[in-house]
Amino acid sequence: MLRVSSQSNEEDVNLASIVEGTARDSGIDADKALIEFAEAGLGDDGDAIDAARNTVAEQLGEDAMVDAAGVIANFQRMVRIADGTGIALDDAVMMLTADIREDLGINAYGGAENSTEVGTGKRIIGRLMTPFVSRLISRIAPR
Amino acid sequence: MNVVGSEAMAFDYTNGTAGIRGDIPAAHRDVWRMVAGPGNWWGGADRIAFAQESRNARSCEFCAERKAALSPLSITGQHNASTNLPDAAVDAVHRITTDPSRLTRDWLESTYDHGLSDARYVELLGVVVAVISIDAFHRAMGLPLEPLPAAQPGSPAGYRPAAAKDSGAWVPTVAPEDVAESEADLYGGMSRTGNVISAMSLVPDSVRMLTRLSGAHYLKVKNVANPAANGGRALSRPQIELIAGRVSSLSDCFY
């Protein structure tokens, strides 16, 4: 969704920042502060969390800081649902993300064995569709 | 076990905590109420015990040792449990909390001989992930954890959706096209949904808790599929997804 949302916003985003954190410039406003908050929010170091939260509030405001805390909380739930039930990545997403997953090393993550990798044909189709992916996702996603 | 008998003042964020949207404490209170009551397969006391064990797991030495091990099956030990739950349930809660990316179908099915079943596991999972996310919000905001609610009386309903079937996941799920009238609300009337939304549909209230929380923590279901929508948040959608992606990556989550 980061890729398609950035396409919708006409932003050029470096997806490697998801895997490599602040070592990469994502191209997204205040990315370093948000990534550091996400990283701290997964741990138990209260001082690190406080510092990261305050930085987000300083750069983006208190409302954004609360929204960021909500997203951090939300995805600590969602990853456990996915990993705890062995669901496969949705078919269309598998096709559209084949290259990204390979480039970023995501295929090595836990739970990858629950999904069947797409074949060469679907991989090519996914690659061709990439420039139109945000509109496509809007069409194939839940309505 | 640290519990509170009244929900009246639960999740009171008005005292020195600026900026927390009202829909967040409202969702937390709704979910706390659901957690405290009897479910389909467990009583309220069991469900509160799941919540307590999830909190225990964060300081469980055995969990830390297992997390560091090359294989989670390579070591044995005892969790720092403080409840009367069956051992298999304690282990499931601790694993979900501390080492979720190494859960396997074989492990899950092995628990079925020790007091769990597919539906009992899904209900346990639904409670645990709800509590984990509410606690995570508190940690991120620098707030103390909310005391667990008092268990409510009542017997489990024993309800299993007739439409639940094998969808390739480790547990049966209910597809959007198969939902019964009593579950018409489950996917917001949508004809499609992501696998992660239907994953816990063997216990419909687990999906309801998920969507209730996601609507406040992240985005309402109707906005998730629209990559241009940020649900009126103060963050742009790419900023939201950057956080989501980073949390997922650090959690070693493929989905």
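All values reported here derive from a predicted model rather than from experimental measurement.

### A closer look at the overall build of chain A
Here is step 1: When you go through chain A residue by residue, the secondary structure sums to nine helices and zero strands.
Here is step 2: Across chain A, helices and strands are ordered from the amino to the carboxyl terminus as α-α-α-α-α-α-α-α-α.
Here is step 3: Taken along the three principal axes of its C-alpha coordinates, chain A extends 50 × 35 × 30 Å.
Here is step 4: Counted over contacts in chain A with a minimum sequence separation of 6, partners at least 24 positions apart contribute 49%.
Here is step 5: In chain A, 13 side chains carry a positive charge and 25 a negative one; their mean positions are 11 Å apart.

### Description of unusual backbone geometry
Here is step 1: Phi at Ala30(A) is positive, roughly 60 degrees, even though this residue is not glycine.
Here is step 2: Following the sequence through the fold, Ala30(A) ends up in the loop between helix H2 (16-20) and helix H3 (31-41).
Here is step 3: At Phe11(B), a position not held by glycine, the phi torsion is positive, near 55 degrees.
Here is step 4: One can find Phe11(B) in the loop between strand S1 (3-4) and helix H1 (23-36).
Here is step 5: Judged by relative accessible area, which is 1%, Phe11(B) ranks as buried.

### Some thoughts on the nonpolar core
Here is step 1: Ranked by internal contacts, the top residues of the largest apolar core, which has 93 residues, are Phe37(A), Phe50(B), Tyr121(B), Phe137(B) and Ile243(B).
Here is step 2: Setting aside chain neighbours within four positions, we find Phe37(A) in contact with Ile49(A), Ala52(A), Arg53(A), Val56(A), Met65(A), Ala68(A), Ala69(A), Ile72(A) and Ala140(B).
Here is step 3: Counting nine residues, the second-largest nonpolar core is a separate cluster that includes Leu89(A), Ala98(A), Ile106(A) and Val118(A).

### Quick look at the interface of chain A and chain B
Here is step 1: Taken together, the contact pairs 77 residues of chain A with 70 residues of chain B.
Here is step 2: When chain A packs against chain B, the two sides together hide about 6400 Å² of surface, and 66% of this comes from carbon and sulfur.
Here is step 3: Inspection of the chain A/chain B interface yields four salt bridges.
Here is step 4: Arg21(B) is the salt-bridge partner of Asp67(A), the closest N and O atoms lying 3.0 Å from each other.

### Examining the packing of aromatic side chains
Residues and elements named next belong to chain B.
Here is step 1: Counting across every chain of the model gives six aromatic pairs over all chains.
Here is step 2: Residues Trp107 and Tyr121 carry aromatic rings whose centres are separated by 6.0 Å and whose planes lie at 75 degrees to one another, so their mutual orientation is edge-to-face. Placement of Trp107 in helix H5 (residues 105-110) and of Tyr121 in helix H6 (residues 118-141) is noted, with a sequence separation of 14 residues between them. By the burial criterion, Trp107 is buried, and Tyr121 matches it.
Here is step 3: Here a set of aromatic residues connected by ring pairs shows up, and it is made of Phe11, Tyr13, Trp32 and Phe137.
Here is step 4: For the cation-ring pair, Arg120 lies above Trp42, with the distance from its terminal atom to the ring centre recorded as 3.8 Å.

### Some words on the domain arrangement of chain A
All names here are of chain A.
Here is step 1: Along its sequence, chain A is carved into domain 1 (1-87) and domain 2 (88-143).
Here is step 2: Look at where the C-alpha atoms of domain 1 and domain 2 centre, and you get two points 22 Å apart.
Here is step 3: Interface area for domain 1 against domain 2, summed over the two sides, is near 1000 Å², with a carbon-plus-sulfur share of 59%.
Here is step 4: By the criterion of area lost to domain 2, the three top residues of domain 1 are Arg3, Val19 and Ile87, representing 47% of everything that side buries.
Here is step 5: There are zero salt bridges connecting domain 1 and domain 2.
Here is step 6: Counting the contacts that link domain 1 with domain 2 gives one residue pair in polar contact (both at pLDDT 80 or more).
Here is step 7: Of all the secondary structure elements, the ones that give two or more residues to the side of domain 1 that touches domain 2 are helix H1 (2-8) and H2.
Here is step 8: Here the side of domain 1 that touches domain 2 gets four residues from one element, more than from any other, and that element is H1.
Here is step 9: For the side of domain 1 that touches domain 2, the residue count by class is six nonpolar, three polar and two charged.

The rules we used
- Residues numbered from 1 in each chain as written.
- Chains lettered and ligands numbered in written order.
- Predicted model: local features only at pLDDT ≥ 70, side-chain atom pairs only at ≥ 80, totals over all residues.
- Heavy atoms only, no water.
- Helix = DSSP H or I, 4+ residues; strand = E, 2+ residues; numbered from the N terminus.
- Contact = heavy atoms within 4.5 Å.
- Lys, Arg positive; Asp, Glu negative; His and termini not counted.
- Charge placed at Lys NZ, Arg CZ, Asp CG, Glu CD.
- Buried < 20%, exposed > 50% of the residue type's maximum accessible area, 1.4 Å probe, protein only.
- Core = buried A, V, L, I, M, F, W, Y, C linked by side-chain atoms within 4.5 Å.
- Buried area = accessible area lost by both parts, 1.4 Å probe.
- Salt bridge = Lys/Arg side-chain N within 4 Å of Asp/Glu carboxyl O.
- Phe/Tyr/Trp six-rings, centres within 6.5 Å; stacked < 30°, edge-to-face > 60°.
- Lys NZ or Arg CZ within 6 Å of the ring centre and 35° of its normal.
- Domains from an automatic or database assignment.
- Polar contact = N/O pair within 3.5 Å; in protein donor to acceptor, adjacent residues only side chain to side chain.
- Nonpolar A, V, L, I, M, F, W, Y, C, P; charged D, E, K, R; others polar.

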